[in-house]
Each structure stands twice: as structure tokens, then as C-alpha cells.
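Reading the structure
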Amino acid sequence: MGELKDKTISGVKWNAIGRFSSQGVHFVVGLILARLLAPSDYGVVGMVAIFFAIAQTFIDSGFGSALIRKLDCDDNDYSTAFFFNVVVGLVCCLVLSLGASYIADFFRQPVLKSLIKVMSLNMFIGSLAIVHSAQLTSNVDFKTLANINLITAIVSGVAGVTMAYLGLGVWSLVFQNTIASIFRVVCLFGVTHWCPKFVFDRVSFKYLFNFGSKILSASILHTIYSNLTTLIIGKYYTAQDLGYYSRGLQLAQFPSSNVSGILQSVTYPVLSKLQNDDSRLITSYRKLISMTSLAIFFGMFLLASLAEPLVSLILTDKWLNSVAYVQIFCFAYMFDHICSMNLNILYVKGFSNLVLRLEIIKKTISISMLIVAVPLGVKAICIASVIYTQIAVIINTYYTGKLFGLGYLVQVKDFAKYFICSFLSVIPAILLTQTEISNIIQLLAGTTISCFLYWMLLQNDLFFKEFIVIAKQFLNRYIQN
């Protein structure tokens, strides 16, 4: 148990360092690029996001997750997955290149024809290192991944900013991603020292595909839904509207996706080792839900409260139209970790077929809501996503309740306190934004007062105390390293 806890803390530490350092670099680079580029530049790239997201989902095919879950992986498993991923990556690259002109005509954006052909190379390049990344994740070696992601972010970020400064416009975003893909693959090959054998094991492929295909199907549904909105906005609204929407979405996703992403990527391989011990698995899961919620709810409420002075200060007033989108999406993404972790426990137990069933039900509902919202405007589309998130939480907790006694009401009891305390804590920040004081004062004073109130409200909470203890352990290990 002690070894598992040490691995978890170490994994969380290095995954947090990797995510927040690399995402921090991306964030700073994004701020610089937002000042150098126009909202329409982001909108043009956002138009084709759905095609590349779907292609990336096909390339992985759930094999990465299957390799992580398999407790006795060998070279045959890795080599089989490697060659399958590479072939799929090559096919996706060719399909996107051949379809570039049709996509450009669909959006009435001629520049997309050449953009897509260059961007499609990333699909093939990225497929070369999926197995290497899965190996490091399975070994909970997030220190190596952290270093690679940070260096990649710096190199590609400097390249992107340089190109934008030289006036390359939207191409700076394209080449930034391409350079990142190449550099990351080279680093992963260099540090893992693993090369595939010329083997394609049918037995191994059958196992990986049986598990991974369910994840693939569920992921495709989720990816289509997640990116369908940008396709619709790009088609029926302007590139500038899509640029505001995309920037608002990115800002709202930043705290939630990073915290939940850190815990999900670390806890999946760790909890996979507990897949045969339901008691420890459920106890660990409930603790993770509570401790994640106390951080994410507060962060999202604070971001929604201070969105206007934050956007004005870091992105300039030309991006103020994205503030409403930031605030709306905060209320959607503050529950995203609950949805993800409910699916995580089903994956750990091998119920990928149930996850697929849930995704089919949810996406049928969500797409119906999206169709209704489209004529009502971009804000209505965003509000629909908030409503859908609540429906998704209820649906995702159905099987965890049925199988493990962790239904919706049980989980609400685990996180409701943090939701209420977070809301009460940010009221002063909301009031400050209604004054005429400077943006910097609003941000500093609002954050400080809200953090103090949150600490006062939760100082006697057991999970909050444990969160502080783990945070101190995290910092101590960080300092020692």
C-alpha cells in the first residue's frame, strides 16, 4: 500500500510539474500570439479541429489505454500496437490531404486547402510515439514525460511566436504544432530506447483491439461532440465568432482539464493495479472525487468571477467578447472531472462496453440539444453544453451506482460541500468586478480574499486537511528533487 501511495504522489507531482510547466509555457505563448494574431486566425484553425481530433482518436484506437491496463505487456504487444498505430496514422494523413479541397470549399476558406495538407503530417508523426508514451505512463514515469513536454512546449512556442512576429499569421499556429509533434517524437524515442520488432502478433492484436475498440468507439463519439460545435459555428457564423468562442473555451478548460487530466492520467495506471480489490478501489476513488472537487470547483468559480479583468489584462480589450464564453464554460467544466473519473473506474474494471453504451446515450442527447441551440446563437450553444454536463453526470453515475454503490446522490454528498463553499468564497471577487478599480487590483484582491474565505470555510474539513498534507509532501519532494 505504501509503495502504491508513493507511486501515486510521485506520479501526481511529476505530472503536475509537466502539465503546469508545459501548459504554463503554452499559456504565455498563447497570450503573446493572441496579441500578434487576429481572432479570425484562431477561427480558421478551429474550423478544422474536428477532422484532426477524429483522426487522432483513430490513430490511438484505444491501444494506448489497453497497453497501460495490461499487467504483463511484452515486446510483441508493443510492436503490434506500434505498427497498427503507424498504419492508421498514415491512412489518416492521406485521407485528410485528399479531402483538403472539399473541406476548404465547405467552409468557404481557400487557405484551408494548403493548411490542412501541412497539418495532416502531424497525424503520421504523432502515431510514431504513442507506444513510447504508453510505456512511460504504465511505469508511472511522469518525470520523463514532464521534461519532454516542457522542452517541446518551449521549442515550439519560440518558433510560433517568431513566425507570428514575422507576419506569417495563421501559419505560425500551424508550424508551431508541426514542430511540437516532430520534437516530441524524437525525444520519446531518445529516452525510452525502445524500437519495435518486426512482429505483428494476432493474439496480442485481438486482446488490444477487443478492449481498445470500445474505447475507440466511445472516444470517437466524445470527440465528434466536443468538436462538432466548432464545425457548426465555423459553418454558420464568422471566423471571428469562432475565434472568440475558441479562446473562451481554452481559458475555461485550462484549470479544470489540467487538474483532472493530471489525476486521471496518474490514477488510471495506479488504480489499474487495484482492479481486483474493489474495496480499496472504491475507497481510493471516493477520496479522489472529493479532493479533486475541492480544488476544481473553487478554481472554476474564481475564474468565472474574474474573467472580465483577466481577459482585458492578459489578452487586451479586443478579446472582451470572449468573456461571456469563459464564464458559461466554467460552469460546464467544473463538473468534467466527475464525468471523467466515473468512466475511469469502469475502464479500470474492464467495462469498456458499458462506457460505449453510455457515450451513445449521452451523445444522442447532446447532439439533439446542439441542433436546437444553433439557431439561437453562439451563447445558446454554450449554455446547452452546461445543461448537457449535468445530464452527463447523472448518466455516468448510473453504472457506478449499480455496480459499486456510488450512485449520483452518493457522489453529490461527496462534492456538494465544496461547490457551496466555492460559490460563497468568490462573492467578494464578483463584487470587486463591479467597481471602477484597476484590473490588476480586482484580480489580486479578488483572488486573495476568496482564497482566504475558502480556507476559513474548509479548515476543519478532513479531506481539505489531507489535501494540505499531500500538497506539503508534494512541495517537499519537489524541493528535494
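Residues numbered from 1 in each chain as written. Predicted model: local features only at pLDDT ≥ 70, side-chain atom pairs only at ≥ 80, totals over all residues. Heavy atoms only, no water.

The subject of this paragraph is helix α19 (residues 378–404). End to end, α19 covers 39 Å across 27 residues, agreeing with the expected 39 Å (1.5 Å per residue, within 8%). Considering bend angle alone, the principal kink of α19 is centred on T397 and spans about 30°. Downstream of α19 by a residue or two, G405 has a phi angle that is positive, lying close to 75°. (Helix = DSSP H or I, 4+ residues; strand = E, 2+ residues; numbered from the N terminus. Expected span 1.5 Å × (residues − 1). Bend = angle between axes of the 7 residues up to and from the residue.)

Glancing now at the packing of helix α7 (residues 112–119) against helix α11 (residues 170–192). The interhelical angle for the contact between α7 and α11, taken along N-to-C directions, is 15°, at an axis separation of 10 Å. Classified by the angle their axes make, α7 and α11 are roughly parallel. Relative to α11, α7 is oriented so that their crossing is right-handed. Together, S114, L115, V118 and M119 of α7 and V170, W171, V174, F175 and T178 of α11 make up the contact between the two elements. Broken down by class, the residue content of the contact of α7 with α11 amounts to seven nonpolar, two polar and no charged. (Axes fitted to C-alpha atoms, helices over the stretch in contact; angles between N-to-C directions. Parallel < 35°, antiparallel > 145°, perpendicular 65-115°, else oblique. Left-handed = near helix turned anticlockwise from the far one by under 90°. Contact = heavy atoms within 4.5 Å. Nonpolar A, V, L, I, M, F, W, Y, C, P; charged D, E, K, R; others polar.)

Of note in the backbone geometry, R108 takes a positive phi value of approximately 55° without being a glycine. Residue R108 is classed as exposed on the basis of its relative accessible area of 58%. Unusually for a residue other than glycine, H193 sits at a positive phi of about 55°. If you trace the backbone, H193 turns up in the loop between α11 and α12 (202–236). (Buried < 20%, exposed > 50% of the residue type's maximum accessible area, 1.4 Å probe, protein only.)

Moving on to helix α22 (residues 439–458). The end-to-end C-alpha distance of α22 is 28 Å, a good match for the 28 Å that 20 residues give at a rise of 1.5 Å each. Here α22 has its buried residues at Q442, L443, G446, S450, Y454 and L458. Viewed along the axis of α22, the buried residues span an arc of 90°, placing them on a single side of the element. Opposite the packed face of α22, turned more than 90 degrees from it, sit the exposed residues L444 and T448. (Arc of directions from axis to C-beta.)

To continue, consider a nonpolar patch on the surface. Taken together, the side chains of V28, I32, L36, Y165, L166 and L168 present a nonpolar region at the surface, about 610 Å² in accessible area. If one sorts the elements of the nonpolar patch by residue count, helix α1 (residues 2–36) sits on top with three residues. Summarising the element assignment, Y165 is placed in helix α10 (residues 142–165). Overall, Y165 belongs to the exposed group, its relative accessible area being 67%. (Patch = residues over 30% accessible without salt bridge, like charges linked within 9 Å, V, L, I, M, F, W, Y side chains within 5 Å. Areas by Shrake-Rupley, 256 points an atom, 1.4 Å probe, with all protein chains shown as cover. Salt bridge = Lys/Arg side-chain N within 4 Å of Asp/Glu carboxyl O.)

A few words now on the nonpolar core. L33, L112, I116, Y245, L315 and F329 are the most contacted members of the largest nonpolar core, which totals 124 residues. If one sorts the elements of this core by residue count, helix α14 (residues 278–305) sits on top with 14 residues. Aside from chain neighbours lying at most four places away, what touches L33 is Y42, G160, V161, A164, S172, L173 and Q176. (Core = buried A, V, L, I, M, F, W, Y, C linked by side-chain atoms within 4.5 Å.)

Attention now moves to the packing of aromatic side chains. All told, the structure shown has 22 aromatic pairs when counted by the stated rule. Arranged with centres 6.0 Å apart and planes meeting at 70°, the rings of Y78 and W194 form a pair that is edge-to-face. On the criterion of sequence distance, the pair formed by Y78 in helix α5 (residues 75–98) and W194 in the loop between α11 and α12 is long-range, its members being 116 residues apart. Take Y78: its relative accessible area is 14%, and that puts it in the buried class. One aromatic cluster is present, formed by F297, F301, F331, F335, F415, F419 and F423 through successive ring pairs. It is R247 that lies over the ring of W319; its NZ or CZ is 5.7 Å from the centre. (Phe/Tyr/Trp six-rings, centres within 6.5 Å; stacked < 30°, edge-to-face > 60°. Lys NZ or Arg CZ within 6 Å of the ring centre and 35° of its normal.)

Any empty space left between atoms is shown by rolling a water-sized probe over those atoms. Of the pockets and cavities examined, the second largest pocket occupies roughly 270 Å³. The wall of the second largest pocket is formed by F27, L251, F254, P255, G299, L302, L303, L306, L310, L443 and T447. Contributing elements (two or more residues each) for the lining of the second largest pocket: α13 (239–272), α14 and α22. Here the residues of the lining of the second largest pocket sort into nine nonpolar, two polar and no charged. (1 Å grid on protein atoms, 1.4 Å probe; cavity = no way out; pocket = protein on both sides within 12 Å on 5 of 7 lines; lining within 4 Å. Points joined across faces, edges and corners; volume = space filled by probe spheres on them.)

The final tally for this structure, using the stated rule, is zero disulfides. Its sulfur unpaired, C93 is 8.8 Å from the next cysteine sulfur, which belongs to C92. C93 sits in the buried class, given a relative accessible area of 8%. (Disulfide = S-S within 2.5 Å.)

Turning next to the side chain of K363. Position of K363 among the secondary structure elements: in helix α18 (residues 352–373). On the basis of relative accessibility, which here comes to 3%, the residue K363 falls in the buried class. Within the local environment of K363, its side chain forms a polar contact with the side chain of Y388, the two groups lying 2.7 Å apart. If sequence neighbours within four positions are ignored, K363 has contacts with L221, H222, Y225 and Y388. (Polar contact = N/O pair within 3.5 Å; in protein donor to acceptor, adjacent residues only side chain to side chain.)

Another aspect to go through is the environment of F63. Mapping F63 onto the fold places it in helix α4 (residues 63–69). A C-alpha to C-alpha distance of 9.2 Å links F63 and F84, two positions 21 residues apart in sequence. Other than its neighbours up to four places away in sequence, F63 contacts A81, F84, N85, F205, L208 and F209.

Mapped onto the secondary structure, S385 falls in helix α19. Overall, the relative accessible area of 12% leaves S385 in the buried class. If we skip the residues at most four places from it in the chain, S385 touches Y225, F329 and A332.

This brings us to the environment of H337. Secondary-structure assignment places H337 in helix α17 (residues 336–348). Residues H337 and T292 lie 45 residues apart in sequence; the distance between their C-alpha atoms is 7.7 Å.

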